[in-house]
Amino acid sequence: MNEQIDNLMNESRRFAPSAEFAAQSVAGSDSYDRGAAGAEFWADQARDLLHWHTPFTQTLDWSNAPFARWFADGELNVSYNCLDRHVAEGRGDRVALHWEGEPGDSRRITYAELTHDVKRAANVLTQLGIEPGDRVAIYMPLIPEALVAMLAVARLGAIHSVVFGGFSAESLRSRVDDAGAKLVITADGGYRKGNVFALKPVVDEALAADGGQNTVTNVLVVRRGNNDVAWHEGRDVWWHESVDAASSEHEAQAFPAEQPLFILYTSGTTGKPKGILHTSGGYLTQAAYTHKNVFDLRADTDVYWCTADVGWITGHTYVVYGPLANGATQVIYEGTPDSPHPGRWWEIIQKYGVSILYTAPTAIRSFMKLGSEIPAQYVLSSIRLLGSVGEPINPEAWIWYRDVVGAGTAPIVDTWWQTETGAIMISALPGLTTLKPGSAQVPLPGISIDILDEAGEKVSGEAGGLLVVTQPWPSMLRGIWGDNDRFRETYWEKFGDKYFAGDGARRDADGDIWLLGRVDDVMNVSGHRLSTAEIESSLVANPMVAEAAVVGAADETTGQAVVAFVILRASEAGKLEPAEASAVLRQHVATHIGAIARPARIYIVSELPKTRSGKIMRRLLRDVAEGREIGDTTTLTDQNVLNLISTQVH
Ligand code: PRX
């Protein structure tokens, strides 16, 4: 791995900013000098970029580390910042959303219209009893109402927990329970790959579990898919009957900067997802700053498109809060890139004149596979800046992205960050940074990053180790919902007051940072985080399974693919052919957790490689799954196990 990275680092090409871009960069050439002020730099951004109902006098309070408080005596309303103030300042007629439905329907929504919609929805939520601090689960397709729902919850000082629409009833239920959600906002269904996928029936199933005992009092349902849905009188409310009829008068109240804004569940190293908690003022400050400066945003002329779903952190920060706080005009698209034809994304870019595109390497690699002829059929000349997120982008995909989508001139920002960091932490600044394909490059102004060895010592010069953030940052997580101990243990125990990100990294001779992937049992599949432990416990919950081990194996398109090794119970062995058993179990995981967790391959084996203390040696299984020569097996109890597995697999 290190050798590969060394080669990449040595061979990497460099792209200096064009004189034209550099002369007009939004970030400004003094960005890094200003960033050196640390917390004070962020206080300047908070004042410049946001509207404060009550200005703050305190910047950072780290006295109760690792629980940070930013701008704590200030008050603001996040929804007001994303909506009302743009209207008040004369930008009401600017398009906020160009929404494109998968079947080809579309809607154009201005800031004035979006503000009205959110005010109406906020009035309905109040009628349904939602108060500041209450939790609201959102389980929706990517339609404008998903954004309206999030902003309405935020407007009331309540806390949203968006659950990606691909998660199963069981996953939804565990998130609803963990947060103690009072309301679920959903849709009958949405469009995906040319079909309607049902959502409301999944909500019904989730809420029916445990004899229907749960914390939810109402389900608010948007009509989108027109699929049949069951109706629970007294609990279920149609959006079009309530929101459309509600008053659009609603004054945004001020809330303290540390008012919780949302919980977003993400996978960790155990079977139980973590509810990452973000708050208001600091989060919005860094969301707005990074969105403006990393994407070189000119809000009055740019058309920005981030392809993420609102179910992920990228959708929270770079579809909802960053762009709307900055008054940007953006495109959102409900469906998949290949529906109904493989040129769909390029068609959308051409239709709306998209100038900034932010997407994931996995998407870029699948377009590469389909061939450059497809994008070549569309006019992409509006593109002036490209972004990448979610996993390292291989230089080949970087160059393709720049040449084919960016006409060989658009700068690419490779942005490193996490659900926990809330906003971008490491990235080039367009116009300032000489770009290097494959490297996420440098910490943003105001962000302090270091690379440490296992013992917590800084590694200096050209070297590799573990990535840490050494100073608190405004959009940092404020905890794990309901589990402060896990918060401390996961991120702070290893290196004291430095935040341990869970990623390996190397620094090259120029000081640029190259991300090397996770150092824990977390996989990264198509830019989404999945836990090996969560999929293993799902597999062993199936009565056929005696034991299971899951690894992330390198995959050309998705970065990593989920590969499972399963031992069947003696009573089951022989009942099904291995291929059939594997198909049944793949479906089991999809039903249990959600389609995104479905293993790409499941091998039915008779043994698993273990150390003398009984720990499964995943490293060796990864070698097997990737078809590599098997590494050091000296700690393995039984050397024959691997030979056996290899013959069963290949
Ligand atoms: O391993 C890193 C990888 O994605 C992880 C965070 O996943 P998640 O919380 O789901 O957020 C994804 C979107 C921000 C990180 O720990 N990762 C994210 N961006 C990059 C990356 N790895 C390399 N380069 C990136 N640009």
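Residues numbered from 1 in each chain as written. Predicted model: local features only at pLDDT ≥ 70, side-chain atom pairs only at ≥ 80, totals over all residues. Heavy atoms only, no water.

Participant: What is the right way to read the overall build of the protein from this model?
Facilitator: Scanning the protein for helices and strands turns up 22 helices and 30 strands. Expressed along its principal axes, the backbone C-alpha trace of the protein runs to roughly 75 × 65 × 55 Å. Counting across all 650 residues of the protein, residues that qualify as buried make up 60%. For the protein, the exposed surface amounts to about 24400 Å²; the carbon and sulfur share of it is 47%. Counting 56 positive and 81 negative side-chain charges, the protein places the centres of these two groups 0 Å from one another. (Helix = DSSP H or I, 4+ residues; strand = E, 2+ residues; numbered from the N terminus. Buried < 20%, exposed > 50% of the residue type's maximum accessible area, 1.4 Å probe, protein only. Areas by Shrake-Rupley, 256 points an atom, 1.4 Å probe, with all protein chains shown as cover. Lys, Arg positive; Asp, Glu negative; His and termini not counted. Charge placed at Lys NZ, Arg CZ, Asp CG, Glu CD.)

Participant: What am I meant to see in the site of the ligand here?
Facilitator: Near the ligand, the surroundings consist of 17 residues, among which Asp-414, Thr-415, Thr-419, Asp-503 and Arg-518 are the closest. Within the backbone of Gly-390, one N or O atom sits 3.1 Å away from a nitrogen atom of the ligand. Thr-415 is positioned with one of its backbone polar atoms (N or O) 2.7 Å from a nitrogen atom of the ligand. Across the complex, the protein chains shield 96% of the 540 Å² of accessible surface that the ligand would expose by itself. Of all the elements in the fold, those that place two or more residues in the shell around the ligand are helix H13 (313-325), strand S20 (412-415) and strand S25 (513-518). Of the residues assigned to the shell around the ligand, the class counts are 6 nonpolar, 6 polar and 5 charged. (Near = heavy atom within 4 Å. Polar contact = N/O pair within 3.5 Å; in protein donor to acceptor, adjacent residues only side chain to side chain. Nonpolar A, V, L, I, M, F, W, Y, C, P; charged D, E, K, R; others polar.)

Participant: I would appreciate a short explanation of the side chain of Ser-531 in the present structure.
Facilitator: Take Ser-531: it is sitting in strand S27 (residues 528-531). Within the structure, Ser-531 has its side chain in polar contact with the backbone oxygen of Gly-268 (distance 3.2 Å). One polar contact links the side chain of Ser-531 to the main-chain amide nitrogen of Ala-533, over a distance of 3.2 Å. Excluding residues that lie within four positions of it along the chain, Ser-531 makes contacts with Ser-267, Gly-268, Thr-269, Thr-270, Asp-521 and Met-523. (Contact = heavy atoms within 4.5 Å.)

Participant: Could you clarify how one ought to interpret the packing of helix H6 (residues 84-91) against helix H7 (residues 111-127) in this entry?
Facilitator: Packed helices, taken two at a time, are described by the angle between their axes plus the distance between the axes. Running from amino to carboxyl end, H6 crosses H7 at an angle of 145°, the nearest separation of the two axes being 9 Å. As for the relative orientation of H6 and H7, their crossing is left-handed in sense. Counting all contacts with H6, which are made through Asp-84, His-86, Val-87 and Arg-91, the residues of H7 involved are Tyr-111, Ala-112, Thr-115 and Lys-119. Grouping the amino acids of the contact of H6 with H7 by side-chain chemistry returns 3 nonpolar, 2 polar and 3 charged. (Axes fitted to C-alpha atoms, helices over the stretch in contact; angles between N-to-C directions. Left-handed = near helix turned anticlockwise from the far one by under 90°.)

Participant: Would you mind going over empty space enclosed by the protein with me for this structure?
Facilitator: By rolling a water-sized probe across the atoms, one finds the places where empty space is left. What the rule picks out here adds up to 1 cavity of 30 Å³ or more. By volume, the largest cavity amounts to about 60 Å³. Lining the largest cavity we find Leu-76, Asn-77, Val-78, Ala-154, Gly-157, Ala-158, Phe-255, Pro-256, Gln-259, Pro-260, Leu-261 and Ser-280. Those elements that provide at least two residues to the lining of the largest cavity are strand S13 (255-256) and strand S14 (260-266). Of the residues belonging to the lining of the largest cavity, the class tally is 8 nonpolar, 4 polar and no charged. (1 Å grid on protein atoms, 1.4 Å probe; cavity = no way out; pocket = protein on both sides within 12 Å on 5 of 7 lines; lining within 4 Å. Points joined across faces, edges and corners; volume = space filled by probe spheres on them.)

Participant: Explanation requested: the layout of surface pockets in the structure shown.
Facilitator: Approximately 350 Å³ is the volume found for the second largest pocket. Taken together, 21 residues line the second largest pocket, and the ones lying closest to its centre are Ser-18, Phe-21, Arg-384, Thr-409 and Pro-411. Its residues assigned to classes, the lining of the second largest pocket comprises 10 nonpolar, 6 polar and 5 charged.

Participant: Honestly, the packing of helix H9 (residues 169-179) against helix H10 (residues 200-208) in this entry has me stumped. Any pointers?
Facilitator: It is at 8 Å that the axes of H9 and H10 come closest, and there the two elements cross at 60°. Overall, the two elements H9 and H10 adopt an arrangement that is oblique. In this structure, H9 crosses over H10, and the sense of that crossing is right-handed. Taken together, the residues of H10 that come into contact with H9 (itself represented by Ala-169, Leu-172, Arg-173 and Val-176) are Val-202, Val-203, Glu-205, Ala-206 and Leu-207. Of the residues belonging to the contact of H9 with H10, the class tally is 7 nonpolar, no polar and 2 charged. (Parallel < 35°, antiparallel > 145°, perpendicular 65-115°, else oblique.)

Participant: Explain the pattern of salt bridges to me, please; I cannot follow it from the model alone.
Facilitator: Side-chain pairing between opposite charges can occur once the charged atoms of the two side chains come close. Tallied over the full model, the rule gives 40 salt bridges. Between Arg-173 and Asp-210 there is a salt bridge, with its nearest N and O atoms 3.5 Å apart. Here Arg-173, found in helix H9, pairs with Asp-210, found in the loop between H10 and strand S11 (218-222); they are 37 residues apart in sequence, far enough to count as distant. Arg-173 sits in the buried class, given a relative accessible area of 6%. In this structure, Arg-618 engages Asp-521 in a salt bridge whose closest nitrogen and oxygen atoms are separated by 3.7 Å. With Arg-618 in helix H21 (residues 618-625) and Asp-521 in the loop between S25 and strand S26 (522-525), this residue pair connects regions lying 97 residues apart in the sequence. When its relative accessible area of 30% is taken as the criterion, Asp-521 is described as partly exposed. Each member of the salt-bridge network shares a partner with another, and the members are Arg-14, Lys-436, Asp-508, Asp-510 and Asp-512. (Salt bridge = Lys/Arg side-chain N within 4 Å of Asp/Glu carboxyl O.)

Participant: Just to check I follow, could you spell out the domain arrangement of the protein for this structure?
Facilitator: When the parts come together, some accessible area is lost, and that loss is often what is quoted as the size of the interface. Here the protein is partitioned into domain 1 (3-504) and domain 2 (526-649). Domain 1 and domain 2 are separated by 33 Å when their C-alpha centres are compared. Taken together, the contact pairs 24 residues of domain 1 with 20 residues of domain 2. Broken down residue by residue, the surface that domain 1 buries against domain 2 is led by Ser-267, Trp-312 and Thr-362, which jointly contribute 27%. Remark: the boundary between domain 1 and domain 2 carries 1 salt bridge. (Domains from an automatic or database assignment. Buried area = accessible area lost by both parts, 1.4 Å probe.)

Participant: How should I be thinking about the pairing of strand S10 (residues 195-198) in this particular structure?
Facilitator: Within a regular strand, the side chains alternate between the two sheet faces. Here 4 bridges tie strand S9 (residues 189-192) to S10, and the two strands are oriented antiparallel to one another. From the neighbouring strand, Tyr-191 faces S10, where its bridge partner is Val-196. Turn length for the S9-S10 hairpin, with the two strands adjacent in sequence and antiparallel, is 2 residues, and the turn residue Lys-193 shows positive phi of about 50°. (Pairing = 2+ DSSP bridges.)

Participant: Looking at this structure, I do not really get the sheet that holds S25. What am I missing?
Facilitator: Strand pairing in a sheet is mediated by backbone hydrogen bonds. Such pairs are either parallel or antiparallel. Across the sheet, 4 strands lie side by side as S21-S22-S24-S25; this open sheet has antiparallel pairing. Edge positions in the sheet fall to strand S21 (449-452) and S25, since each has one partner strand and no second. Between one strand axis and the next, the sheet turns through 45° on average, direction left out of account. As judged from the 6 bridges shared by strand S22 (residues 463-469) and strand S24 (residues 499-507), these two strands associate in the antiparallel manner. Counterpart to Ala-463 in the pairing with S24 is Arg-507.

Participant: What is the right way to look at the environment of Gly-504 in this model?
Facilitator: Take Gly-504: it is sitting in strand S24. The class of Gly-504 is buried, set by a relative accessible area of 5%. Spatially, the C-alpha atoms of Gly-504 and Lys-272 are 23 Å apart, while their sequence positions differ by 232 residues. Sequence-distant contacts of Gly-504, defined by excluding residues within four places in its chain, comprise Gly-465, Trp-514, Leu-515, Leu-516, Gly-517 and Val-519.

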